[in-house]
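Remarks on the overall topology
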Amino acid sequence: MTDTAARLLALLSLLQSRPDWTGTELAGRLGVTTRTIRNDIDRLRELGYPVDATRGTTGGYRLGAGAKLPPLLLDDEEAIAVAVGLRAATGIAGIHESSGRALAKLEQVLPARLRPTVDALRSTVDRGPENIDTDAPDPEVDPAVLQAVAAAIRDVEWLRFDFKGDAVLVEPYRLLSWQRRWHLVARDPRSGEWGTFRVDWIEPRMPTRRRFEPQPVPGGDPTAFAMRTIAATGWNVHARLRVAAPAETVLARINPTVGVVEPVDERTSVLVTGADSLDTVAAYIGMLGMDFTVESPDELRPLLIAYAERYRRAAIGELGSR
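Just so it is clear, the structure is predicted and the values come from calculations on it, not from any experiment. (Residues numbered from 1 in each chain as written. Predicted model: local features only at pLDDT ≥ 70, side-chain atom pairs only at ≥ 80, totals over all residues. Heavy atoms only, no water.)

Next up on the list: the pattern of salt bridges. Counted by the stated rule, this structure contains 19 salt bridges. Residue Glu 25 is joined to Arg 18 by a salt bridge in which the shortest nitrogen-to-oxygen separation is 2.7 Å. Glu 25 sits in the partly exposed class, given a relative accessible area of 36%. For Arg 18, a relative accessible area of 31% puts it in the partly exposed group. Two residues, Arg 240 and Glu 262, come together in a salt bridge whose shortest N-O distance is 3.2 Å. Of this pair, Arg 240 sits in strand 8 (residues 237-243) while Glu 262 sits in strand 9 (residues 259-265), and the two are 22 residues apart along the sequence. For Arg 240, a relative accessible area of 29% gives the class partly exposed. (Salt bridge = Lys/Arg side-chain N within 4 Å of Asp/Glu carboxyl O. Buried < 20%, exposed > 50% of the residue type's maximum accessible area, 1.4 Å probe, protein only. Helix = DSSP H or I, 4+ residues; strand = E, 2+ residues; numbered from the N terminus.)

Following this line, the structure appears as structure tokens:
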């Protein structure tokens, strides 16, 4: 490879492909001497690329982090994967514009030989609707909120935020993305109580810069803990139902995120469940296949009557007027 510019691009691509390279490895890949590699590394530094070097028998080169994002060099398969991923992934609500800008920039510089493949995938692949389990719109999560929460988790610092009108201070432990919603697993440093918080309901305050000593999550698995507690805290509305069945029977019928089951006696239990709307609760609790009564909220009772009447008319072939 005699063209210096082409060789510099090839060298940069190698440095981006893995963390560490020896000078001998780079020279072998590019078919030049180690002296040429040293000179090319100096040229990359002059162009603003932060290339770190270590000396000695195990020394080598590593592309460091600079003040700005350097151009990324992708091979054909990587470029196609990124283009398809940006177009097909649901992503995080609230960053659709930035995803679109990133895709536009990538498609603008795609080599002509790759455009037919990307165009074919774009024109022949459809996505089915993902929000099919509720009548409520997907929540919007501000990327800045996610960044603030993630930074507090990374730095092991207390996180202070407003949550549905209340001021909250927690030890943040883990973010969980589930059903197009983001949840934070956290612990109250004063009471020691653990819980999950919907991130789209969080309004971060100023960083506390106060570190904490991490404690083990109940059960040892943050994801499993979150999935157990989302039913009780992670929905817009909640319902409390008395079910004519033992707790173990109800638990065998539901996903842990659907509800929390409390035993009452050998033949009765209480199911605390939630959703983004009472209509969704009314539609899904009939799938239990068990008799139940509503303890709360009162607004759920007339909704169940309306659903029952609609099903009755459907069963007898009577078309309702509403």
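With that out of the way, let us pick up the sheet that holds strand 9. Reading across the sheet, the four strands line up as 9-10-8-11 and stay open at both edges, with antiparallel pairing between neighbours. Two strands lie at the open edges of the sheet, namely strand 9 and strand 11 (292-296), each paired on one side alone. The average angle at which neighbouring strand axes cross in this sheet is 25°, direction not considered. In the sheet, strand 9 pairs with strand 10 (residues 268-275) via six bridges, with the strands oriented antiparallel. (Pairing = 2+ DSSP bridges. Axes fitted to C-alpha atoms, helices over the stretch in contact; angles between N-to-C directions.)

Okay, the side chain of Glu 107 next. Mapped onto the elements, Glu 107 comes out in helix 5 (residues 96-109). Not counting chain neighbours up to four residues away, the residues in contact with Glu 107 comprise Arg 87, Arg 115, Val 118 and Arg 122. (Contact = heavy atoms within 4.5 Å.)

Two elements in contact, helix 1 (residues 4-17) and helix 3 (residues 34-46), have axes whose closest approach is 10 Å; the angle formed by their N-to-C orientations is 85°. Viewed along their axes, helix 1 and helix 3 adopt a mutual orientation that is roughly perpendicular. The segment helix 1 lies against helix 3, with Thr 4, Arg 7, Leu 8, Leu 11 and Leu 15 engaging Thr 36, Asp 40, Ile 41, Arg 43 and Leu 44. A breakdown of the residues in the contact of helix 1 with helix 3 according to their chemical character gives five nonpolar, two polar and three charged. (Parallel < 35°, antiparallel > 145°, perpendicular 65-115°, else oblique. Nonpolar A, V, L, I, M, F, W, Y, C, P; charged D, E, K, R; others polar.)

To continue, consider the sheet that holds strand 5 (residues 181-187). Pairing in this open sheet of five strands is antiparallel, and the strands run 6-5-4-3-7 from one edge to the other. Among the strands making up the open sheet, the edge pair consists of strand 6 (194-198) and strand 7 (202-204). Ignoring strand direction, the axes of neighbouring strands in this sheet form an average angle of 55°. As defined by bridge partners, strand 5 adjoins strand 6 across five bridges and the pair is classed as antiparallel. Following the sheet pairing, Ala 186 is matched in strand 6 by Gly 195. Those strands touched by helix 7 (residues 143-155) are strand 3 (159-163), strand 4 (166-178), strand 5 and strand 7, and its axis lies near 95° from that of strand 4.

Sheet topology note: the strand 3/strand 4 ladder contains five bridges and is antiparallel. Looking at the pairing, Phe 161 lines up with Val 168 of strand 4. Where strand 3 folds back on strand 4, the antiparallel hairpin that results is connected by two residues, among which Lys 164 adopts a positive phi of roughly 55°. Where strand 4 meets strand 5, seven bridges bridge the pair, whose relative direction is antiparallel. Bridge pairing in strand 5 links Glu 171 to Arg 187. In sequence, strand 4 turns back onto strand 5 through a hairpin of two residues, with Gln 179 there showing a positive phi of about 55°.

Averaged over all residues, the pLDDT of the chain equals 83, while 86% of them reach at least 70. Taken element by element, the predicted model of the chain shows its lowest mean pLDDT in helix 5 (76) and its highest in strand 3 (96). (pLDDT = per-residue confidence, 0-100.)

A separate point is the packing of aromatic side chains. Tallied over the full model, the rule gives eight aromatic pairs. Consider the rings of Trp 194 and Phe 225, whose centres lie 6.3 Å apart with planes at 70°: the pair is edge-to-face. A residue pair is termed long-range when its members are at least 10 positions apart, and Trp 194 in strand 6 and Phe 225 in helix 8 (residues 222-233) qualify at 31 residues. Members of the aromatic cluster, each reached through a chain of ring pairs, are Phe 161, Phe 163, Phe 197 and Trp 201. Stacked on the ring of Trp 21, the Lys or Arg Arg 18 has its end atom at 3.7 Å from the ring centre. (Phe/Tyr/Trp six-rings, centres within 6.5 Å; stacked < 30°, edge-to-face > 60°. Lys NZ or Arg CZ within 6 Å of the ring centre and 35° of its normal.)

Attention shifts here to the environment of Leu 121. Within the element layout of this structure, Leu 121 appears in helix 6 (residues 115-124). Residue classification places Leu 121 among the partly exposed positions, given a relative accessible area of 34%. Each C-alpha atom, one on Leu 121 and one on Ala 83, is 9.7 Å from the other, the two residues being 38 residues apart in sequence. Discounting chain neighbours no more than four positions away, the residues touching Leu 121 are Ile 80 and Val 84.

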